[in-house]
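Examining the three-dimensional arrangement
In case you want the letters, here they are:
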Amino acid sequence: HSHAGVGDAIFDSVPETLAGIVQARLDSLGTAAKRLLKAGSVFGETTWVGGIAAVTGESEDAISASAAELVRAEILELLPRGRFHGQVELVFRHALLRDAAYELWFEAERVEAHRRAALWLEQNGERDPLTLARHFARGGLAMQAIPHYLAAAEAALTGSDFEGATASAERALESGAGGALRGRLLLTIAEAKRWQGDLEGALAAGKEAAVLFTPGSRFWFGAIRECVAAHGRLGHKLAILPLGARALAVTAEPGAESAQI
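Below, the structure is looked at part by part. In this text the structure is predicted, and so the values were computed from the model without any measurement.

Analysis parameters
Residues numbered from 1 in each chain as written. Predicted model: local features only at pLDDT ≥ 70, side-chain atom pairs only at ≥ 80, totals over all residues. Heavy atoms only, no water. Helix = DSSP H or I, 4+ residues; strand = E, 2+ residues; numbered from the N terminus. Buried < 20%, exposed > 50% of the residue type's maximum accessible area, 1.4 Å probe, protein only. Contact = heavy atoms within 4.5 Å. Areas by Shrake-Rupley, 256 points an atom, 1.4 Å probe, with all protein chains shown as cover. Lys, Arg positive; Asp, Glu negative; His and termini not counted. Charge placed at Lys NZ, Arg CZ, Asp CG, Glu CD. Phe/Tyr/Trp six-rings, centres within 6.5 Å; stacked < 30°, edge-to-face > 60°. Lys NZ or Arg CZ within 6 Å of the ring centre and 35° of its normal. Core = buried A, V, L, I, M, F, W, Y, C linked by side-chain atoms within 4.5 Å. Pairing = 2+ DSSP bridges. Axes fitted to C-alpha atoms, helices over the stretch in contact; angles between N-to-C directions.

Within the protein chain, the secondary structure is distributed over 15 helices and 3 strands. Each of the 261 residues in the protein chain was classed as buried or not, and the buried ones make up 44%. Taking the intrachain contacts of the protein chain between residues at least 6 apart in sequence as the baseline, contacts between residues at least 24 apart amount to 58%. Just so you have it, the protein chain exposes about 13,200 Å², and 55% of that area is on carbon and sulfur atoms. Charged side chains of the protein chain number 26 positive and 32 negative; the gap between the two group centres comes to 5 Å.

Dropping the structure here:
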């Protein structure tokens, strides 16, 4: 967001490098305002009074008062309809100010800030799994990030964003996902790679996924499906026979009959 106005005056009066101008602008706002912007920057260009309070530990009333001053100074913009019920939503009018505020964090403090942001967003009904995953990951809570990365990967696959699906799934695998959760991530990668034409990659992921599921489960049949499809497109017709025979011989779990077919 970039809006001209009173808040831009310093940009005209300080002939320095852009970084210096932005930093001078932040310094001119005072300690309380800088602390608010620093906390708000953790969420991105859009932030919330309640979220800032969760990051700083201050009261929402105190944050609201400071935020109102920043709105009047045209640093922040108040959105009439927020994403979360009952939460006042704010937007940085200038992306460079948001970036500069984020750079004020020391690394250890930033990790704790993302942890608090992740928990606040989750409690307030954030629906974007990738947003939650990234905050949990940056907050040092890798295991809590995994199910959100999985949800993001599966949603991306449904939306035909194959690169996004693979990227989210791989981030979850790097975070240490194991067992059936690892299997679902590999299954997502297998299907995404098949659609992209990376048949060798799809086959490798499908094979690895199959051993992580209970034979007869919906996900197990999904892994076998990916192996069959990849083998078929690669011309490995004889490799399909034992897979087909195994899929036919297994009793499908309730709800997995269509996956078996």
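This brings us to the packing of aromatic side chains. What characterises a pair of aromatic rings is the spacing of the ring centres plus the angle enclosed by the ring planes. Counted according to the given criterion, the structure contains 8 aromatic pairs. Look at Phe 43 and Trp 48: their rings are 5.8 Å apart centre to centre, the planes differ by 80 degrees, and that puts the pair in the edge-to-face class. Neither Phe 43 nor Trp 48 differs from the other in exposure class; each is buried. Between Trp 220 and Phe 221, the ring centres sit 5.1 Å apart and the planes meet at 70 degrees, which makes this aromatic pair edge-to-face. Neither residue differs from the other here; Trp 220 and Phe 221 are each classed as buried. Members of the aromatic cluster, connected to one another through ring pairs, are Phe 43, Trp 48, Phe 84 and Trp 120. Positioned above the aromatic ring of Tyr 102 is the side chain of Arg 98, whose terminal nitrogen or guanidinium carbon lies 4.7 Å from the ring centre. Just above the ring of Phe 219 sits the side chain of Arg 218; from NZ or CZ to the centre is 4.4 Å.

Further remarks concern the nonpolar core. Of all hydrophobic cores here, the largest spans 66 residues; its most connected members are Leu 36 and Leu 37. Residue contributions to this core peak at 6 residues, all from helix α13 (residues 218-234). Every residue in contact with Leu 37, bar those within four places of it in the chain, is listed here: Leu 26, Leu 29, Leu 70, Ile 75, Leu 76, Phe 92 and Ala 101.

Mapping Gly 179 onto the fold places it in helix α11 (residues 179-196). For Gly 179, a relative accessible area of 39% corresponds to the partly exposed category. Distance from Gly 179 to Arg 98, taken between C-alpha atoms, is 40 Å for residues 81 residues apart in sequence.

Strand order in the open sheet formed by 3 strands is β1-β3-β2, with antiparallel pairing between adjacent strands. For this open sheet the edge positions go to β1 (46-48) and β2 (76-79), each flanked by a neighbour on one side alone. Mean inter-strand twist for the sheet, computed between neighbouring axes without regard to direction, equals 35 degrees. When β2 meets strand β3 (residues 89-92), the two strands line up antiparallel, connected through 4 bridges. Directly across from Leu 76, in β3, lies its bridge partner Phe 92.

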